[in-house]
Amino acid sequence: MGIRGRWALVFICISLSFGSFADEAAQVNFALRLADDTASVSILLAAGLIGGILSGPIAPMILQRIGPRQTIPAVFLLQAILIAAASLANQFWSYIVVSMALGSTGSLLWAAIMVAIPSYTTDERYIDRVNRITQSVRNMGYVGGPALGGLLYGMVDRSLGLLLLALLVLIAAPVTSLCFNALDSFIPKSGQASSQAKQKGRLDLLGLFRTAGVIRAVAPLLMTVVLTSTLNVLMIFRVRTELQFSAEIYGLVISALSVGLIVGPVLFAGLFARRGDAAGASIAASLIGAGILWLALSDAALAIMCATFLIGSANGIQNALTASFMMKSIDPQRRVDLMPAYLFCIQTSVFLGFLSAGMISTAHVSMALMIVGVATAIIGACGIALNVKNRPSMVTKGG
């Protein structure tokens, strides 16, 4: 790939960061507007998760019909329209509908990215590198998006803040379209057409789990996601209520977690991948469990920050390595059907974790964290044993 292709990838990553920032910023902006009613905020958060789940059956049809490289700028355009509409409507139900739609389009966006990345090369090292950078860019949105949303909410004209956010996403649409056009010159047209023509265009969960090695690789991730989705809720009560730390300390704890999410895929994933993507992801799951135990047993602010940095780094590594495994394992002629199925499973696991968090009593936070930590570490250890030889070669054609 020449200089033009490399610059195209750079601008695509910048545009993806715009989309990731905007999605999170919009959700935070909506939540701040509804902050007087905790039930409304819970409904808002649930709407985003439900939207991501509902995207599962729709994504394969859209990806099969217009292709992943056309889907990404189309998603940015739709998100810009949705955010602008929410700024004008300024009503509770408009925020809920837009939140659900943003959750759905966000899931569709990342399904398209996971289909698009391996379509440009069969070089596993190149796929790993691009995937890890993309995962870090995605995680940057989780970090910077809330700050951007709070900043825009603080503007005198709050509707203007959302309109500026919509403009940011709107700019990303033509930029990604032009960059993908530049990258498409590296792919034979016949290869694109034949691969897309054979896709069924439907969510295929059965086909996903029948793919060689997928159940062993994905099961530890899904169980870890269910358990760790309770962490954000439990961490608030652990730091603020049990340990009586200030809001500033809590902010530093969350920042440590966020920094770990960003640097983990880029700096540390390669070390874990030496054992294979699937086994490396399970090693990361064990580290997440150890980090949660550390969090539950520590009383010092610095130790808690170190624990959350470990959790964030291992979480980012696990997500990146499992995504790399999926890109290499799935037949190119089935990616449109199976990648959305993989994300559907993750979104469903996050939602189950969100529901289970509400069932935990605030009087038993430390005990709950210890149970989650031990369970996650055990799941990771079992995953290592199951995946130590689970190293599929890059699938380059239909079987």
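Residues numbered from 1 in each chain as written. Predicted model: local features only at pLDDT ≥ 70, side-chain atom pairs only at ≥ 80, totals over all residues. Heavy atoms only, no water.

Description of the packing of helix α5 (residues 124-153) against helix α13 (residues 301-329)
How we decide: Working convention: axes come from line fits to C-alpha atoms, limited for helices to the stretch in contact. Angles between N-to-C directions cover 0 to 180 degrees. Put simply, DSSP H or I for four residues or longer makes a helix, DSSP E for two residues or longer makes a strand, and each gets a number counted from the N terminus. Geometric relationships in this document are graded by angle, where less than 35 degrees denotes roughly parallel, more than 145 denotes roughly antiparallel, 65 to 115 denotes roughly perpendicular, and other angles denote oblique. Crossing handedness is defined as follows: a turn of the near helix away from the far one that is anticlockwise and smaller than a right angle gives a left-handed crossing, while the clockwise case is right-handed. Two residues qualify as a contact provided that any one of their heavy atoms is within 4.5 Å of a heavy atom in the partner residue. Following the grouping adopted for this structure description, the nonpolar residues are Ala, Val, Leu, Ile, Met, Phe, Trp, Tyr, Cys and Pro, the charged ones are Asp, Glu, Lys and Arg, and the polar ones are all others, Gly among them.
In the contact formed by α5 and α13, the axes pass within 9 Å of each other and the chain directions differ by 140°. For the element pair α5 / α13, the angle class is oblique. Handedness of the α5/α13 crossing: right-handed. Residue-level inspection shows Glu124, Ile127, Asp128, Asn131, Arg132, Gln135 and Asn139 of α5 in contact with α13, the latter providing Gly316, Asn319, Ala320, Leu321, Ala323, Ser324, Met327 and Lys328. Residues of the contact of α5 with α13, tallied by class, amount to five nonpolar, six polar and four charged.

Section: unusual backbone geometry
Applied cut-off: Think of it in three bands: with a 1.4 Å probe and only protein chains considered, a residue is buried below 20% of the maximum accessible area for its type, exposed above 50%, and partly exposed in between.
A positive phi angle, near 60°, is found at Gln244, a position not held by glycine. Structurally, Gln244 is set in the loop between α10 (231-242) and α11 (247-273). Taking relative accessible area as the criterion, Gln244 reaches 62% and is therefore assigned exposed.

Here's the deal with the side chain of Ser99
Note the threshold: In protein, a polar contact means a hydrogen-donor-capable atom and an acceptor-capable atom, both N or O and within 3.5 Å, with residues adjacent in sequence counting only if both atoms are side-chain atoms; elsewhere, any N or O pair within 3.5 Å suffices.
Its place among the elements puts Ser99 in helix α4 (residues 92-116). Within the structure, Ser99 has its side chain in polar contact with the side chain of Gln27 (distance 2.7 Å).

Comments concerning the nonpolar core
Heads up, the condition is: Buried Ala, Val, Leu, Ile, Met, Phe, Trp, Tyr and Cys residues that are joined via side-chain atoms within 4.5 Å together make up what is termed a nonpolar core.
Core analysis: the biggest nonpolar cluster contains 73 residues, and Phe30, Ile83, Leu208, Met326 and Tyr342 have the highest contact counts within it. The element best represented in this core is α4, accounting for twelve residues. Those residues in contact with Tyr342 that sit more than four places away from it in its chain are Met114, Leu208, Val218, Leu221, Thr322, Ala323 and Met326. Membership of the second largest hydrophobic core comes to 28 residues, among which are Val253, Ala301, Ile317 and Leu321.

Observations regarding the confidence of the model for the chain
Note the cut-off: The quantity known as pLDDT measures the predictor's confidence residue by residue, on a range of 0 to 100.
Averaged over all residues, the pLDDT of the chain equals 86, while 91% of them reach at least 70. In the model of the chain, helix α7 (residues 189-197) stands out as the element of lowest mean pLDDT, 50, in contrast to helix α12 (residues 277-297), which has the highest, 96.

Structural notes on the packing of α11 against α13
Interaxial distance between α11 and α13 falls to 5 Å at its minimum, and their mutual angle equals 40°. With respect to their mutual orientation, α11 and α13 come out oblique. For the pair α11 and α13, the crossing hand works out as right-handed.

Digging into the pattern of salt bridges
The criterion, for reference: By convention in these notes, a salt bridge is any Lys or Arg side-chain nitrogen within 4 Å of a carboxyl oxygen on Asp or Glu.
Inspection of the entire model under this criterion finds eight salt bridges. Note that Asp299 is salt-bridged to Arg238, the shortest N-O span being 3.5 Å. Separated by 61 residues along the polypeptide, Asp299 in the loop between α12 and α13 and Arg238 in helix α10 bring together distant segments of the chain. What emerges from the salt-bridge pattern is a single network uniting Glu124, Asp128, Arg132, Asp277 and Lys328.

Quick word on the side chain of Ser298
Within the secondary structure, Ser298 is located in the loop between α12 and α13. For Ser298, a relative accessible area of 9% puts it in the buried group. Engagement of the side chain of Ser298 in a polar contact is seen with the backbone oxygen of Trp294, the distance being 2.6 Å. Contact partners of Ser298, with chain neighbours within four places excluded, come to Arg238, Leu243, Ala303 and Ile304.

Quick look at the state of the cysteines
Test applied: The definition used for a disulfide is geometric: two cysteine sulfur atoms within 2.5 Å.
Scanning the model with the defined rule gives zero disulfides in all. Counting only cysteine sulfurs, Cys382 is the nearest neighbor of Cys345, a cysteine outside any disulfide, at a range of 20 Å.

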